[in-house]
Amino acid sequence: ADVAYLRSVLPSTTDDAFFDYLATLDASEVTVTAIPEGSVVFARVPFLQVKGPLLVVQLLETTLLCLVNYASLVATNAARFRLLAGPDMKLMEMGLRRAQGPDGALSASKYSYIGGFDCTSNILAGKLYGIPVRGTIAHSFVMSFRSLEEVQPRELPPRDGGDPADLAALAVSWLQRVCDLLRTPPAEANQGELAAFVSYAVTFPCDFQGLLDTYCVRRSGLPNFCAVALALHQLGYQAIGVRLDSGDLAQQSKEIRRVFHACGAHFQVPWFGTIPIAVSNDISEQSLEEFRREGSEIDMIGIGTNLVTCPLQPSLGCVYKLVEVNGSPCLKLTEDEEKMTIPGMKTIYRLYDAAGHPFMDLMALEEEPSPSAGEELGIRVLGRLEEISKVIPTSVEPLHRTYFRDGQVCEPLPSLPEVRTHAQVSLNLLSPAHRRLHEPQPYPVAVTERLHRLFLELRQGS
């Protein structure tokens, strides 16, 4: 069917032998080497090398670039959020509604998890990839209730057994006590919101959480949540968190934490002060910087639009260039040095300093001997090719592995959690100067003297 379609769209003068060849096409002569998934990769470093018949590897170009460009972009964006948030903050990907279609949404969920997010609101991503799934109640759920009379069922048995209690009545009783403590009028607490919280708590007593800003956080959402959480506590259950979706999130989180501590102390419920606080609402890198600068009591951050659409850099410019044909290195020339290709099949090495940080990536021709730890190397840094530099690495790591040969996967592929762990380890190995997000120290990528000579010969010969 594929060949028949190609016959219909290619010129009628196309040789029949070409279609016969396509019908028998396979990948048995293709070899793919790559830097392991989840590794930190720097500009100009070839993280994927493909060897095989020219026509076959040309056909693979668009597919491979499609697979790696957006995935790398989202993983990188997620890693930036993780670096800003710090290791202890819980990060939830919730960009499904803003993603570039269902396929883009699934990719965003998968690769943001690799980049360091803890969970996703995308249930299909959880099913397909085993990513932990999390979510909270919606404003529409809260707004769908008008009064406590709508709550059915209302009764909830104590966690340790016994006669069911009317949770709605308990919540009303607790609301009066909470409002007395907070010095807010109970009449200002929205009854529909209280009903929504009670209905949710009856259904999920071990997983009760509240969305506090459907109406007024201070006068309604917060006292209503505390009332229902304390009613659940009376029956032996423990609320698991709240979410804010508008306003000054950092300031509100601090106010909410004060209320939780006050309720916990006044009503002698020690765990109440530690109820997790989650926030959302168009969170960006700037938002995280503001949270850190102002201080906050936020435990979990839900990020959607600014994660999955990558607004700071909407596309990644990975390219796929020919570097050797029939054993002869080749070079793409251009007036823009950054767009010149680096000829020949190459091996990539990462050089480490005495502190264990990578300080340079080195490209060498495939046939060159591997550099050794403690050995002085003469290298040329890209962007400063006219200068020769000397470096002595404390350790040397070859980056490329062969993953596909003779039509078969030949390297065990890691699980998604393993890739995620590797990504975090790779990031943490970077020196702080290279890892910082504002004005980072440029990470040098270099070539060996032999590769540099080949580059000069091909450029002069052309």
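Quick caveat: nothing in here was measured; it's all calculated off a predicted structure.

Thoughts on the overall build of the protein chain
Part 1 of the argument: When helices and strands are tallied, the protein chain shows 15 helices and 20 strands.
Part 2 of the argument: For 462 residues, the compact-globule formula gives about 23 Å, and the C-alpha radius of gyration of the protein chain, at 29 Å, lies well above that figure.
Part 3 of the argument: Along the first, second and third principal axes, the C-alpha atoms of the protein chain reach 90 × 60 × 40 Å.
Part 4 of the argument: Considering only contacts within the protein chain whose residues lie at least 6 apart along the sequence, 66% involve residues at least 24 apart.
Part 5 of the argument: Total accessible area on the protein chain stands at roughly 23500 Å², and carbon and sulfur atoms take up 52% of it.
Part 6 of the argument: When the 40 positive and 54 negative side-chain charges of the protein chain are each reduced to one mean point, those points stand 4 Å apart.

A closer look at the UniProt feature "domain: Nicotinate phosphoribosyltransferase C-terminal" (unreviewed entry) in the protein chain
Part 1 of the argument: As annotated by UniProt and renumbered to match this structure, "domain: Nicotinate phosphoribosyltransferase C-terminal" (unreviewed entry) occupies residues 346-454.
Part 2 of the argument: Secondary structure across residues 346-454 divides into 22% helix and 35% strand, with the first and last C-alpha atoms of the span separated by 12 Å.

Thoughts on the side chain of Arg243
Part 1 of the argument: Tracing the sequence through the fold places Arg243 in strand β8 (residues 241-244).
Part 2 of the argument: If we ignore the near neighbours within four places in the chain, the residues touching Arg243 are Thr136, Ile137, Gly210, Leu211, Leu212, Asp213, Ala278 and Ser280.

Concerning the side chain of Asn69
Part 1 of the argument: Within the secondary structure, Asn69 sits in helix α3 (residues 54-85).
Part 2 of the argument: Residues in contact with Asn69, not counting those within four places in the same chain, are Leu316, Gly317 and Cys318.

Some points on the pattern of salt bridges
Part 1 of the argument: Enumeration according to the criterion identifies 15 salt bridges in this entry.
Part 2 of the argument: In this structure, Arg243 engages Asp245 in a salt bridge whose closest nitrogen and oxygen atoms are separated by 3.6 Å.
Part 3 of the argument: Classification of Arg243 by relative accessible area gives buried; the value is 10%.
Part 4 of the argument: Bridged by salt links that share partners, the residues Arg82, Asp118 and Arg420 form one connected network.

A short note on the packing of helix α9 (residues 217-234) against helix α10 (residues 249-266)
Part 1 of the argument: It is at 12 Å that the axes of α9 and α10 come closest, and there the two elements cross at 40°. In terms of axis orientation, α9 runs oblique to α10. Pair α9 / α10 crosses with right-handed handedness. On the side of α9, the interface is formed by Val217, Leu222, Phe225 and Cys226, while α10 contributes Gln252, Ile256, Val259, Phe260 and Cys263.

Some remarks on unusual backbone geometry
Part 1 of the argument: A cis amide bond links Gln152 with the next residue in sequence, Pro153, at an omega value of -5°.
Part 2 of the argument: In this fold, Pro153 is placed in the loop between α6 (139-143) and β5 (155-156).
Part 3 of the argument: Phi angles above zero are rare outside glycine, and Asp282 is one such case at about 55°.
Part 4 of the argument: Relative to the elements of secondary structure, Asp282 occurs in the loop between β9 (277-279) and α11 (285-294).

Regarding the pairing of strand β20 (residues 445-448)
Part 1 of the argument: Burial of β20 is two-sided: the residues Val445 and Val447 facing one way and the residues Ala446 and Thr448 facing the other way are all buried.
Part 2 of the argument: Pairing of strand β15 (residues 377-381) with β20, which is carried by 3 bridges, proceeds in the antiparallel orientation. Paired with Val381 across the two strands is Ala446, which belongs to β20.

So, the packing of aromatic side chains
Any two aromatic rings considered together are summarised by their centre-to-centre distance and by the angle between their planes.
Part 1 of the argument: For the structure shown, the criterion picks out 13 aromatic pairs.
Part 2 of the argument: Ring centres of Phe141 and Phe145 lie 5.3 Å apart, and the angle between their planes is 70°; this geometry places the pair in the edge-to-face category.
Part 3 of the argument: When the centroid spacing of 5.1 Å and the interplanar angle of 50° are considered together, the rings of Tyr200 and Phe204 count as tilted.
Part 4 of the argument: Take Tyr200: its relative accessible area is 14%, and that puts it in the buried class.
Part 5 of the argument: The exposure class assigned to Phe204 is partly exposed, which follows from its relative accessible area of 39%.
Part 6 of the argument: Here the aromatic residues Phe141, Phe145, Phe197, Tyr200, Phe204, Phe208, Phe225, Phe260, Trp271 and Phe272 are joined through ring pairs into a cluster of three or more.
Part 7 of the argument: Taking NZ or CZ as reference, Arg177 lies 4.0 Å from the ring centre of Trp174, over its face.
Part 8 of the argument: Directly above the ring of Tyr113 sits Arg420, whose terminal nitrogen or CZ lies 4.8 Å from the centroid.

With respect to the sheet that holds strand β14 (residues 358-365)
Part 1 of the argument: The 6 strands lie next to each other as β16-β15-β20-β14-β13-β17, forming an open sheet whose pairing is mixed. The outermost strands of the open sheet, each flanked by one partner alone, are β16 (389-391) and β17 (395-398). Ignoring which end each strand starts from, the neighbouring axes of this sheet average 40° apart.
Part 2 of the argument: Each of β13 (346-352), β14, β15 and β20 is contacted by helix α15 (residues 449-461), which is oriented at about 85° to β20, the strand it contacts most.

Side note on the packing of helix α4 (residues 101-115) against helix α13 (residues 416-429)
Part 1 of the argument: Between α4 and α13, the shortest axis-to-axis distance is 7 Å and the interhelical angle comes to 45°. In terms of axis orientation, α4 runs oblique to α13. Taking contact as the criterion, the partners of Lys110, Tyr113, Ile114 and Gly115 in α4 are, on α13, Leu416, Pro417, Val419, Arg420, Ala423 and Gln424.

So, how was this worked out
Residues numbered from 1 in each chain as written. Predicted model: local features only at pLDDT ≥ 70, side-chain atom pairs only at ≥ 80, totals over all residues. Heavy atoms only, no water. Helix = DSSP H or I, 4+ residues; strand = E, 2+ residues; numbered from the N terminus. Rg over C-alpha atoms; globule rule 2.2 N^0.38 Å. Contact = heavy atoms within 4.5 Å. Areas by Shrake-Rupley, 256 points an atom, 1.4 Å probe, with all protein chains shown as cover. Lys, Arg positive; Asp, Glu negative; His and termini not counted. Charge placed at Lys NZ, Arg CZ, Asp CG, Glu CD. UniProt positions renumbered as here; feature names shortened; annotations may be inferred. Salt bridge = Lys/Arg side-chain N within 4 Å of Asp/Glu carboxyl O. Buried < 20%, exposed > 50% of the residue type's maximum accessible area, 1.4 Å probe, protein only. Axes fitted to C-alpha atoms, helices over the stretch in contact; angles between N-to-C directions. Parallel < 35°, antiparallel > 145°, perpendicular 65-115°, else oblique. Left-handed = near helix turned anticlockwise from the far one by under 90°. Pairing = 2+ DSSP bridges. Phe/Tyr/Trp six-rings, centres within 6.5 Å; stacked < 30°, edge-to-face > 60°. Lys NZ or Arg CZ within 6 Å of the ring centre and 35° of its normal.

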